[in-house]
Amino acid sequence: MRRLTLLVVVAALALAGCGGDDSESTAQSTSTPTETATATADTGGASSGGGASSGGGEDLKIAADPGGALKFDKSDLTAKAGKVTITMDNPSDLPHAVEIEGNGVEEEGETVNKGGKSVASADLKPGKYEFYCPVPGHKAGGMTGTLTVQ
Ligand SMILES: [Cu+2]
């Protein structure tokens with residue numbers, strides 16, 4: 001009986017511990033927009049230069065493979081809901097562009113040659129989107145990735 005009681009106490013303590021963690025993480029995920037914004041800004045802030053400071057949204061930067069491979073330097077992007085802009089640098093000898101597509105959105109940037117920048121911008125709600133190079137054959141060749149909007 002004593003052992004049982006001990007076990008119960010230990011279990012209760014463990015549960016209490018878990019419960020505390022749970023409510024904390026729940027509070028974080030459902031917290032104020034300010035807190036969420038701060039958390040996301042940490043990942044995007046370094047490259048966006050503070051462009052995402054007001055009204056949500058995010059400025060994202062990617063680049064085509066400089067060696068001419070059919071890929072971007074990133075295959076996963078994350079942004080806050082709002083006006084999301086993807087700017088793609090093209091350091092390769094092939095023409096490339098960037099397009100955002102998904103959930104009824106389709107925004108295609110200009111196709112640019114070496115040294116150019118292709119920009120696609122759209123007002124995005126939370127969800128999963130695709131970004132890819134719309135130059136024929138390039139998406140199929142691997143020039144594609146996932147954009148997650150939170
Ligand atoms: Cu391309």
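The structure we're discussing is the one just above.
Throughout what follows, the structure given in this document is the object of discussion. (Residues numbered from 1 in each chain as written. Predicted model: local features only at pLDDT ≥ 70, side-chain atom pairs only at ≥ 80, totals over all residues. Heavy atoms only, no water.)

**Comments concerning the overall build of the protein**
Then, in step 1: Looking only at helices and strands, the protein features two helices and eight strands.
Then, in step 2: Ordered by position in the sequence, the α and β elements of the protein form the string α-α-β-β-β-β-β-β-β-β.
Then, in step 3: A total of 150 residues make up the protein; the buried ones form 32% of that total.
Then, in step 4: Put simply, of all contacts in the protein between residues at least 6 apart along the chain, 59% involve residues at least 24 apart.
Then, in step 5: About 8,900 Å² of surface is accessible on the protein, with carbon and sulfur atoms providing 56% of the total. (Helix = DSSP H or I, 4+ residues; strand = E, 2+ residues; numbered from the N terminus. Buried < 20%, exposed > 50% of the residue type's maximum accessible area, 1.4 Å probe, protein only. Contact = heavy atoms within 4.5 Å. Areas by Shrake-Rupley, 256 points an atom, 1.4 Å probe, with all protein chains shown as cover.)

**As for the packing of aromatic side chains**
Then, in step 1: For the structure on display, the rule yields one aromatic pair.
Then, in step 2: Here the aromatic rings of F72 and F131 are separated by 5.6 Å at their centres, their planes lie at 40°, and the arrangement is tilted. With F72 in the loop between strand 1 (58–63) and strand 2 (76–79) and F131 in strand 7 (residues 127–132), this residue pair connects regions lying 59 residues apart in the sequence.
Then, in step 3: On the basis of relative accessible area, F72 is assigned to the buried category, the value being 7%.
Then, in step 4: Residue F131 is classed as buried on the basis of its relative accessible area, which comes to 0%.
Then, in step 5: Cation over ring: K139 sits above Y132, and NZ or CZ is 4.4 Å from the ring centre. (Phe/Tyr/Trp six-rings, centres within 6.5 Å; stacked < 30°, edge-to-face > 60°. Lys NZ or Arg CZ within 6 Å of the ring centre and 35° of its normal.)

**Examining the pairing of strand 7**
Then, in step 1: As paired elements, strand 4 (residues 99–102) and strand 7 share three bridges and run antiparallel to each other. Paired with E101 across the bridge in strand 7 is E130.
Then, in step 2: Bridge count for strand 7 against strand 8 (residues 144–149) is six bridges, and the pairing is antiparallel. What sits directly across from G127, in strand 8, is V149. (Pairing = 2+ DSSP bridges.)

**Some words on the sheet that holds strand 7**
Then, in step 1: Taken in spatial order, the five strands of this open sheet run 2-8-7-4-5, and their pairing is mixed. The outermost strands of the open sheet, each flanked by one partner alone, are strand 2 and strand 5 (105–108). For this sheet, the mean angle separating the axes of adjacent strands, direction not counted, is 25°.
Then, in step 2: Relative to strand 8, strand 2 runs parallel, the two sharing four bridges. What sits directly across from D76, in strand 8, is T146. (Axes fitted to C-alpha atoms, helices over the stretch in contact; angles between N-to-C directions.)

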